[in-house]
Amino acid sequence: MKSKKPFYYLSLFNVYEFSKEDAHQADRLDHDLEKKGKRIKRTDIMIASTTKNKGATLCTFDQEFSELEEMGLRLLR
């Protein structure tokens, strides 16, 4: 926290609000995962649905998101 660099780099990322459309997408993703017998955290579903709806790419080290890649989520690891 002694350096302002972390804040500068974070300011380069887009921040999106969770919309009603994102909630509908989250429900669809969760339902599709459930049909396959898979579950991931609700917050991860919300992040994935927002990313997918915005046509963005999610940068993450969290392997749980790979379950959603075949459902159209673009990942950068």
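A. Layout of the pattern of salt bridges. A full pass over the atoms with the stated rule returns eight salt bridges. The partner of Glu67 in a salt bridge is Lys38, and the shortest N-O contact between them spans 3.1 Å. Of this pair, Glu67 sits in the loop between strand 1 (57-59) and strand 2 (74-76) while Lys38 is found in the loop between helix 2 (20-35) and helix 3 (42-53), placing the two residues 29 residues apart along the sequence. The exposure class assigned to Lys38 is partly exposed, which follows from its relative accessible area of 34%. Between Arg77 and Glu69 there is a salt bridge whose closest N-O contact spans 2.4 Å.

B. Quick peek at helix 2. With 16 residues, helix 2 should reach 22 Å at 1.5 Å per residue; the first-to-last C-alpha distance of 23 Å fits that figure. Burial in helix 2 covers these residues: Asp22, Gln25, Ala26, Leu29, Asp30 and Leu33. With its buried residues spanning 135° around the axis, helix 2 presents them on a single face. Facing away from the buried side of helix 2 by over 90 degrees, the exposed positions are Lys20, Glu21, Asp27, Glu34 and Lys35. On its buried face, helix 2 is in contact with helix 3.

Quick notes on the rules
- Residues numbered from 1 in each chain as written.
- Predicted model: local features only at pLDDT ≥ 70, side-chain atom pairs only at ≥ 80, totals over all residues.
- Heavy atoms only, no water.
- Salt bridge = Lys/Arg side-chain N within 4 Å of Asp/Glu carboxyl O.
- Helix = DSSP H or I, 4+ residues; strand = E, 2+ residues; numbered from the N terminus.
- Buried < 20%, exposed > 50% of the residue type's maximum accessible area, 1.4 Å probe, protein only.
- Expected span 1.5 Å × (residues − 1).
- Arc of directions from axis to C-beta.
- Contact = heavy atoms within 4.5 Å.

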